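Report on the structure
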Amino acid sequence: MSTRDELLRALPAVHELATAAAAASAAAPRWAVVEAARRAVAEHRAAILRGEQPGEIAPAAVAAAAAALAQPSLRRVVNATGVVLHTNLGRAPLAPEAIAAVVDVAAGYSTLEYDLAAGARGSRHGHAAHLVRELTGADDALVVNNNAAACVLALSALAAGREVIVSRGELVEIGGSFRIPDILRQSGCRLVEVGTTNKTRIADYRAAITPDTALLLKVHPSNFAVVGFTEAASLAEVVALGREVGVPSMIDLGSGALPSTAELRALGVGGEPSARDVVAIGVDLATFSGDKLLGGPQAGVLAGRADAIARCRRHPLLRAVRPDKLTLAALVATLGLYRDGRGRDVPALAMLGAAPDELRRRALALAAACGPSPHLAVIETSSAVGGGALPTAELPSWALALDGPGAADAIDRALRAAPVPVVGRIVDGRVVLDVRTILPRDEVDVVAAVRMLFAGMTTG
Ligand SMILES: *Cc1c(COP(=O)(O)O)cnc(C)c1O
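Residues numbered from 1 in each chain as written. Predicted model: local features only at pLDDT ≥ 70, side-chain atom pairs only at ≥ 80, totals over all residues. Heavy atoms only, no water.

Considering the overall build of the protein chain
In terms of regular secondary structure, the protein chain is built from 19 helices and 18 strands. Viewed in the frame of its principal axes, the protein chain has a C-alpha envelope of about 85 × 55 × 50 Å. Sorting the 460 residues of the protein chain into buried and exposed places 46% on the buried side. By sequence separation, contacts in the protein chain at least 24 residues apart represent 74% of the contacts at least 6 residues apart. Positive and negative side-chain charges of the protein chain, numbering 46 and 46 respectively, have mean locations separated by a distance of 3 Å. (Helix = DSSP H or I, 4+ residues; strand = E, 2+ residues; numbered from the N terminus. Buried < 20%, exposed > 50% of the residue type's maximum accessible area, 1.4 Å probe, protein only. Contact = heavy atoms within 4.5 Å. Lys, Arg positive; Asp, Glu negative; His and termini not counted. Charge placed at Lys NZ, Arg CZ, Asp CG, Glu CD.)

Here it is, written out as structure tokens:
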């Protein structure tokens, strides 16, 4: 038994440990090796001071920690959760056309705020507006950096200092602290709640109108469903009432799909409102995300009547929430696919529309590439849309199911520790990798991660 002082004296110097770790593996940069060595020595010292005997520091462990430190925290992963628009995993993957547009604009200079014909200053707000107009039928449009910003801008521009009427059934929390009552307060509006959680009629809106009413607001209940004894005033009723009393109406669509209602139904996501449909109803302003069902980059789109958009465009907040050139490039290219009748080539929509037979074939091929193994099976499962769309929808899908001698958590952790991490979900004690959200380029990484997992099982 060594004494505490002996153990402390035996701790290596940070630079010696770093040199030994660098010799064990030359992969990590020097700063990371030194930092990992410093942390290892500090942890050991703390353990000794707690009265523990932590043993020697292995240079290989320091080298591994250094390699982990050198990795950026924002990294590519494989989404095997089956949730197509997974907010934590970055929502919609971009189409090749959108990626090419980003690369082109990012690598050099662009017409971001330049009018080539005039040889003079132009506006960044012109690039996407005409496409949004064309695709939604709106008089005018404006793009900002996300839908939350679109809501704050619209509420600030249309209703600051005045009353906004909202149904109690639509005072929703979207997640990440985006709550409609808080957003209204933040935008300087006074919230006037009408109706009840489950039932709100158009008469409730009418009764709440005062000379100080600035806006009638509808909010799409993106991530939940109220079922049973329910009733809500339709958007058409709210818009008609607004017209009658001279108060503008707005809808926060959340996801806001661009295909028509019929096309959405064909994709298995019928029931989500299409932006074109709400514009046709005559709402003054609709807001929606660029990276939910639209399948483009993170962005917020405002589409509606010319005067409502003009007020948003004039508001000083616009400068704080304007989109950058990379966002605009990706959005314009994605909108271009819809305009060209190629909505099916938008990856999020292609994944949503994938046929179960095709998914089964892909699952079998992927399993064959990984296996054979007694710990691997191909199973039927169901995927979710995510991104605040169709919270109750389940899309029939196929998956690899992995089990092993250890708990499912251990398998899950091992897959997340792969060179390209694979994120699945645990169902009934197995790790399930849903092929719907595994992109073609991800397949080789899934095979590598699963093979590494199996190799780890046999070596213990
Ligand atoms: C997702 C969502 C938002 C926020 O949109 P972001 O693009 O994530 O900022 C706002 N309102 C509703 C109804 C939503 O579903």
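Notes on the pairing of strand S12 (residues 285-289)
Two faces, one strand: in a regular strand the side chains alternate between the faces of the sheet. Burial analysis of S12 places five of its five residues in the buried class, the great majority of the element. By the alternation rule, side chains of S12 split into Leu-285, Thr-287 and Ser-289 and Ala-286 and Phe-288, which are all buried. Strand direction decides the pairing type here: strand S11 (residues 249-254) and S12, joined by four bridges, are parallel. Looking at the pairing, Gly-254 lines up with Phe-288 of S12. (Pairing = 2+ DSSP bridges.)

A few points about the domain arrangement of the protein chain
Examined at the domain level, the protein chain breaks down into domain 1 (4-69), domain 2 (78-87 + 353-459) and domain 3 (95-345). Here domain 2 and domain 3 have C-alpha centroids that lie 34 Å from each other. Residue-level contacts link ten residues of domain 2 with 16 residues of domain 3. Between domain 2 and domain 3, the buried area comes to about 890 Å², and carbon and sulfur atoms account for 67% of it. Our count for the domain 2 to domain 3 interface comes out at zero salt bridges. (Domains from an automatic or database assignment. Buried area = accessible area lost by both parts, 1.4 Å probe. Salt bridge = Lys/Arg side-chain N within 4 Å of Asp/Glu carboxyl O.)

Thoughts on the sheet that holds strand S2 (residues 83-85)
If you walk across this open sheet you meet the five strands as S2-S14-S15-S18-S17, and the pairing is mixed. Strands with a single pairing partner mark the edges of an open sheet, and in this sheet they are S2 and strand S17 (425-427). Ignoring which end each strand starts from, the neighbouring axes of this sheet average 45 degrees apart. Across the sheet, helix H18 (residues 408-416) lies against strand S15 (395-402), S17 and strand S18 (430-434), angled at about 40 degrees from S18, the strand it touches most. Contacting strand S14 (376-386), S15 and S18, helix H19 (residues 443-458) runs over the sheet at an angle of about 35 degrees to S15. (Axes fitted to C-alpha atoms, helices over the stretch in contact; angles between N-to-C directions.)

Quick notes on H18
Three or four residues apart is the spacing at which side chains of an α-helix point the same way, because the helix has 3.6 residues per turn. For H18, every residue scored as buried is listed here: Ala-408, Ile-411, Asp-412 and Leu-415. Down the axis of H18, the smallest arc covering the buried residues is 100 degrees, so these residues share one side. Check the buried side of H18 and you find it contacts S15, strand S16 (422-423), S17, S18 and H19. (Arc of directions from axis to C-beta.)

Thoughts on the side chain of Asn-147
Note that Asn-147 resides in helix H7 (residues 147-159). Given a relative accessible area of 7%, Asn-147 falls into the buried group. There is a polar contact of 3.4 Å between the side chain of Asn-147 and the backbone nitrogen of Phe-288. If we skip the residues at most four places from it in the chain, Asn-147 touches Asp-252, Gly-254, Thr-287, Phe-288, Ser-289, Ala-299 and Gly-300. (Polar contact = N/O pair within 3.5 Å; in protein donor to acceptor, adjacent residues only side chain to side chain.)

Considering the packing of helix H2 (residues 14-24) against helix H3 (residues 30-49)
Where H2 meets H3, the closest approach of the two axes is 8 Å, and the angle between their N-to-C directions is 125 degrees. What the angle tells us is that H2 and H3 run oblique. H2 and H3 meet at a crossing whose hand is right-handed. From H2, Val-14, His-15, Leu-17, Ala-18, Thr-19, Ala-21 and Ala-22 reach across to H3, where they touch Arg-30, Val-33, Val-34, Ala-37, Arg-38, Ala-40 and Val-41. Tallied by class, residues from the contact of H2 with H3 come to ten nonpolar, two polar and two charged. (Parallel < 35°, antiparallel > 145°, perpendicular 65-115°, else oblique. Left-handed = near helix turned anticlockwise from the far one by under 90°. Nonpolar A, V, L, I, M, F, W, Y, C, P; charged D, E, K, R; others polar.)

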